[in-house]
Amino acid sequence: MARKATGKITVEERGPVLLAHMDGGELQEFGPILAQELEKVVDRADEDPNIHAVVFTGTHPDRFIGHAEVRWLQEGGATVPSVGVKGASALSSVARGVNNLGGMESVVGKTPLWPAIELERTHETFLKMNRSGVIFIAALNGSALGLGAEFAWANDVRIFAEGDHVLGQPEVLFGIMPGGGGTQRLTRLVGTHRSLMAVLEGKPFTPAEALEIGAVDAVVSPEELIDTAIAYGERLGSRAKTSLAAIKRSIYFGGSDDLESGLHMERAEFLATALSQEGQAGMLNYMAATDRAGELPLYQPGGYEAALREGTVRAAIRESGEG
């Protein structure tokens with residue numbers, strides 16, 4: 001008997017950090033309902049100036065996200081005839097256009113175009129995370145394969161719990177390939193050849209292997225996982241949200257472009273932050289404190305450490321006695 005698609009995200013507020021518990025049902029799968037719930041959480045965090053970080057973790061005792069609902073992928077593909085790469089490219093472009101229009105579910109929801117639209121919407125949610133001034137953190141309480149791993153790659157920070165867990169892209173073993181960004185984001189994390197070999201073979205990383213190659217940022221005990229992830233969120237999220245968004249866009253999008261185009265993006269994002277009210281105030285206060293003390297606040301004893309701790313040069317100015 002076919003199981004009914006499920007998906008739910010329960011959110012706790014931890015000050016400026018949202019702790020999002022992802023429930024993919026009995027098998028902890030990533031399906032269309034969970035994708036819709038994820039989009040809502042990302043939009044909520046992005047639009048709320050008081051939310052600076054989101055920590056995602058799984059409700060299954062041994063899985064962060066098992067992988068995509070295979071039935072979701074298979075049934076969606078069964079409604080569309082084999083079209084080849086060029087035809088699939090055209091289908092993807094049409095799906096993007098329909099998503100940009102919005103409100104088209106009632107028109108195309110039962111057509112062969114709908115699977116491509118759902119995939120496009122999931123990609124767009126991941127891209128929203130990459131453009132956002134919110135820090136997104138995957139607290140991997142267990143294994144994540146396929147789309148589960150791709151969701152982890154889309155986060156800014158990945159903390160992996162110790163244990164008999166794995167993280168990777170097994171799609172080649174199904175006779176398909178990653179479709180949620182795995183070939184792109186994993187490659188940017190660990191390098192072309194490591195990514196190529198992992199995706200070609202379909203062999204996942206253990207926590208220790210993932211840490212060694214930079215696929216995750218830390219491996220901690222299960223008991224420390226959530227506190228560690230929230231601490232990352234509080235620390236990184238203490239920086240100006242507009243600055244974080246500009247930095248993330250420059251690195252995620254400009255960093256994979258050619259050098260000239262990447263530098264152009266960086267200049268544009270820099271000027272936008274430097275000309276902002278917050279940027280101007282920060283620089284003026286720093287200059288005034290330097291003139292009063294005859295020294296740069298970041299070079300005063302304890303100044304840089306205070307700025308890192310609080311996420312602002314105002315802390316360095318206070319530490320120097322000039323604030």
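Coordinates for the structure precede this section.
Residues numbered from 1 in each chain as written. Predicted model: local features only at pLDDT ≥ 70, side-chain atom pairs only at ≥ 80, totals over all residues. Heavy atoms only, no water.

Excluding glycine, residues mostly have negative phi values, and the peptide bonds linking residues are mostly trans. Unusually for a residue other than glycine, glutamine 28 sits at a positive phi of about 55 degrees. Mapped onto the elements, glutamine 28 comes out in the loop between β2 (17-23) and β3 (29-30). (Helix = DSSP H or I, 4+ residues; strand = E, 2+ residues; numbered from the N terminus.)

Contact geometry for helix α7 (residues 182-190) and helix α8 (residues 192-201): axes closest at 7 Å, N-to-C directions at 135 degrees. By the angle class used here, α7 and α8 are oblique. Here the hand of the crossing between α7 and α8 comes out right-handed. Packed against α7, whose contacting residues are Thr183, Leu186, Thr187 and Val190, the element α8 presents Thr192, Arg194, Ser195 and Val199 at the interface. Residues that form the contact of α7 with α8 fall into these classes: 3 nonpolar, 4 polar and 1 charged. (Axes fitted to C-alpha atoms, helices over the stretch in contact; angles between N-to-C directions. Parallel < 35°, antiparallel > 145°, perpendicular 65-115°, else oblique. Left-handed = near helix turned anticlockwise from the far one by under 90°. Contact = heavy atoms within 4.5 Å. Nonpolar A, V, L, I, M, F, W, Y, C, P; charged D, E, K, R; others polar.)

This next bit is on the sheet that holds strand β5 (residues 63-65). Pairing is parallel across the open sheet formed by 3 strands, whose spatial order is β5-β8-β10. One side of each edge strand has no neighbouring strand; the edge strands of this open sheet are β5 and β10 (167-168). Summarising the sheet, strand β8 (residues 143-145) and β10 pair through 2 bridges and their orientation is parallel. Looking at the pairing, leucine 145 lines up with glycine 168 of β10. Each of β5, β8 and β10 is contacted by helix α6 (residues 147-154), which is oriented at about 100 degrees to β8, the strand it contacts most. (Pairing = 2+ DSSP bridges.)

A separate point is α6. Side chains of residues three or four places apart in an α-helix project in the same direction, reflecting 3.6 residues per turn. Within α6, 8 of the 8 residues are buried, leaving the element largely enclosed by the surrounding structure. Those residues of α6 that fall on the buried side of the exposure criterion are Leu147, Gly148, Ala149, Glu150, Phe151, Ala152, Trp153 and Ala154. (Buried < 20%, exposed > 50% of the residue type's maximum accessible area, 1.4 Å probe, protein only.)

With that settled, the discussion passes to the pattern of salt bridges. As enumerated under the stated definition, the model contains 10 salt bridges in all. In this structure, lysine 40 engages glutamate 37 in a salt bridge whose closest nitrogen and oxygen atoms are separated by 3.4 Å. Of this pair, lysine 40 and glutamate 37 are both found in helix α1 (residues 32-47), 3 residues apart, which corresponds to roughly one turn of the helix. Under the relative-accessibility criterion, lysine 40 is labelled exposed at 53%. (Salt bridge = Lys/Arg side-chain N within 4 Å of Asp/Glu carboxyl O.)

In this section: the sheet that holds β2. Pairing is mixed across the open sheet formed by 6 strands, whose spatial order is β1-β2-β4-β7-β9-β11. Both edges of this open sheet fall to β1 (8-14) and β11 (218-220), since each of them pairs with a single strand only. Sheet twist, expressed as the average angle between the axes of neighbouring strands with direction ignored, equals 20 degrees. The pairing of β1 with β2 spans 7 bridges and is antiparallel.

Moving on: the layout of surface pockets. Of the voids in this model, the second largest pocket is the one considered here, and its volume is about 960 Å³. As for the second largest pocket, its lining consists of 37 residues, of which Ala240, Ser243, Ile247, Thr273 and Gly279 are closest to the centre. Looking at the lining of the second largest pocket, the elements with two or more residues in it are α11 (241-252), α12 (259-274), α13 (277-293), α14 (303-310) and α15 (313-319). (1 Å grid on protein atoms, 1.4 Å probe; cavity = no way out; pocket = protein on both sides within 12 Å on 5 of 7 lines; lining within 4 Å. Points joined across faces, edges and corners; volume = space filled by probe spheres on them.)

Counting across every chain of the model gives 5 aromatic pairs. With centroids separated by 5.0 Å and ring planes inclined at 70 degrees, the aromatic side chains of phenylalanine 56 and phenylalanine 151 adopt a geometry described as edge-to-face. In this pair, phenylalanine 56 is assigned in strand β4 (residues 53-58) and phenylalanine 151 in helix α6, connecting sequence segments 95 residues apart. On the accessibility criterion, phenylalanine 56 (0% relative accessible area) is buried. Residue classification places phenylalanine 151 among the buried positions, given a relative accessible area of 0%. (Phe/Tyr/Trp six-rings, centres within 6.5 Å; stacked < 30°, edge-to-face > 60°.)

It is worth spelling out a negative patch on the surface at this point. A contiguous patch of negative charge on the surface is contributed by Glu162, Glu223, Glu224 and Asp227. As for its position among the elements, glutamate 223 is in the loop between β11 and α10 (225-237). (Patch = residues over 30% accessible without salt bridge, like charges linked within 9 Å, V, L, I, M, F, W, Y side chains within 5 Å. Areas by Shrake-Rupley, 256 points an atom, 1.4 Å probe, with all protein chains shown as cover. Lys, Arg positive; Asp, Glu negative; His and termini not counted. Charge placed at Lys NZ, Arg CZ, Asp CG, Glu CD.)

These values are about where atoms sit, not about what they do.
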